[in-house]
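Letter by letter, the chains look like this.
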Amino acid sequence: MWSAPLEPSSSSQADSASDVVKAKLGGARDKVKDWVNKAAAAVRPPKTPKQQPPLQPASDDDDTGAKDLEDERDTAEPIKLPKPKLPAAAAVVAGDSDDTPAAAGSSSSEKSPPPAIIADSVSTAHGPLYDASIAKDASTTLLVVVPTSYSAMENEYRSVVRSTWGKWLREYRHTSPHLPAGTKATIQLYFFIGTQGLEAAAKKDLDAEHAKHKDIVFLDFKESYVGLSAKMLLLHGWIHDNRGSWPNLRFAFKTDTDVWFNVPELMKLVDRHAPKQTMIGYKYVGNVRLTKGKWANPEYSAPVYPQYMAGAGYLLSADIASWVATNDRAGWLKPLPNEDAVLGIWLAGSPVNWIHSPKFKPLIDPRQPARITRLADWVCQDSDILFHHLTGEGIRRMHHWFTTCGSPCEATCRELQREAADGKKDEKLERQAEARKKAREEGESKGDGDDAKKQKRN
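Everything numeric here is computed off the predicted structure, so don't read it as measured data.

Caption draft 1: Quick look at the layout of surface pockets. When its volume is computed, the second largest pocket comes out at roughly 1000 Å³. Lining of the second largest pocket is provided by 35 residues; of these, Y225, D256, K294, W295 and D340 occupy positions nearest its centre. Residue assignment for the lining of the second largest pocket shows that the elements contributing at least two residues are α3 (152-163), α6 (228-242) and α9 (339-346). Sorting elements by how many residues they give to the lining of the second largest pocket places α6 first, with three residues. Here the residues of the lining of the second largest pocket are counted per class, giving 16 nonpolar, nine polar and 10 charged.

Caption draft 2: Region of the structure containing the state of the cysteines. The final tally for this structure, using the stated rule, is two disulfides. Here C405 pairs with C413 through a disulfide, and the sulfurs are 1.8 Å apart. Its S-S torsion of about -55° marks the bond between C405 and C413 as left-handed, since a negative value means left-handed. For C405, a relative accessible area of 25% gives the class partly exposed. Looking at the chain, its bonded cysteines, counted consecutively from the start of the sequence, adopt the pairing 1-3, 2-4.

Caption draft 3: Region of interest: the pairing of strand β3 (residues 184-194). For β3, the tally of buried residues reaches 10 of 11 residues, placing the bulk of the element in the interior. In this structure, strand β1 (residues 140-147) lies alongside β3, joined through seven bridges in parallel fashion. Among the inter-strand pairings, P147 is bridged to a residue of β3, identified as F192. Where strand β2 (residues 174-175) and β3 come together, two bridges link them in antiparallel fashion. Residue pairing for β3: H174 is matched across the bridge by A185. As defined by bridge partners, β3 adjoins strand β4 (residues 216-219) across four bridges and the pair is classed as parallel. Residue pairing for β4: I193 is matched across the bridge by F218.

Caption draft 4: Structural view of the packing of aromatic side chains. Going through the model one piece at a time under the given rule, you end up with 15 aromatic pairs. With centroids separated by 5.1 Å and ring planes inclined at 45°, the aromatic side chains of W168 and F402 adopt a geometry described as tilted. Of this pair, W168 sits in helix α4 (residues 165-171) while F402 sits in helix α10 (residues 392-405), and the two are 234 residues apart along the sequence. Judged by its relative accessible area of 17%, W168 is buried. Taking the centre distance of 6.0 Å and the plane angle of 85° together, the rings of Y305 and Y308 count as edge-to-face. For the pair Y305 and Y308, a shared accessibility class is recorded, and that class is buried. Chaining the aromatic ring pairs together yields one cluster made of Y282, Y284, Y300, Y305 and Y308.

Caption draft 5: Representation of α3. Helix length check: α3, at 12 residues, gives a terminal C-alpha distance of 17 Å against a target of 16 Å (1.5 Å per residue), a fit within 8%. Where α3 is concerned, the buried positions are E154, Y157, R158, V160, V161 and R162. In the core, the buried residues of α3 are packed alongside α4, β3, α5 (200-213), β4 and α10.

Cut-offs applied
- Residues numbered from 1 in each chain as written.
- Predicted model: local features only at pLDDT ≥ 70, side-chain atom pairs only at ≥ 80, totals over all residues.
- Heavy atoms only, no water.
- 1 Å grid on protein atoms, 1.4 Å probe; cavity = no way out; pocket = protein on both sides within 12 Å on 5 of 7 lines; lining within 4 Å.
- Points joined across faces, edges and corners; volume = space filled by probe spheres on them.
- Helix = DSSP H or I, 4+ residues; strand = E, 2+ residues; numbered from the N terminus.
- Nonpolar A, V, L, I, M, F, W, Y, C, P; charged D, E, K, R; others polar.
- Disulfide = S-S within 2.5 Å.
- Buried < 20%, exposed > 50% of the residue type's maximum accessible area, 1.4 Å probe, protein only.
- Pairing = 2+ DSSP bridges.
- Phe/Tyr/Trp six-rings, centres within 6.5 Å; stacked < 30°, edge-to-face > 60°.
- Expected span 1.5 Å × (residues − 1).
- Contact = heavy atoms within 4.5 Å.

Now the structure itself:
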């Protein structure tokens, strides 16, 4: 059946539809802007604008850090965040491609993140956390810093560390290509403890402990898990203020008390990579921000975090500690919960090389969510550098196996022991066979001599 064609909509109807679409798009734009503004609130602007020094991009004069970068990076990261737009001064975009140049001449009218102040030079001025009792040591290339606290568990962990890898790294000496010939590289170890709110008896115990070991730094800070990022700001400030005591310092290694790590393998990374705007560890990319539980971060509104290193242990070049200290004291940085991820938030606008290494194992045995005493054989690899969530006995066991056979893995050491036992067994059998052969030859020789005598008498 024929029907008349539909009449076209009037201009007023078209305008009405267009207004609806524009309204919806405008609402979506407003939501995106609101989300961006909330995400930017994680960085607190200074009360008064301050003129910041220009960015000092990483140089390539030390090429030892470039040759094996790919060996340390993770090639199977399924989730990647888009690279942020940085100011035109940025020379490198922080991201998975650690040496990708930023687009030249990029600019934005939006408020930019804190300027990237990467200090290559060490200030001669004494900062508020300067320690005059630290003797100058030009042989130190690595500084190991361990946040801890006063508690029965942490006190025991410090004792275990001092008797295992702590003792080992204090005595460790090796030839570094970055020191003059004949100078052996050394390592320094310090524990960092907040003293606010401690009872007199606790302070007395800590004073006695420090008098004995000379390895505790006391911070004016009240210990709490939520406040760890504020403690990390103080720790970075301490490194910055005392860098002058170690003129050849290349990296700081932040780690925990419930770990064991391979000191010689760690020092290979210290020597191999350029100590400029570099972090090395187990890198998280695209981790979702939690809203509940221990790692909740209600003040950071983005759905995922920028890339960051697992806090069980990571290397960072000393200039990054100076960056954090400088920007914190300028009022740019804000402490937030989840101190591991917060360091990634602070550095998100800076040209840092984030180098991933699967040899750092923050979560090592999913069958045992609590701390581990005996590691499953299939989890441990001979070339691994760091293991986390260990009991004190677990640290002792791994240290025992490594000092016994050169591997932290019990299965490897057991196999080497069996091979050695089999080798000794084979050697014993060979000696017995050789003795029987020799006795047989001597017997045959004696028999031939007796036959000769008989023939002579006849």
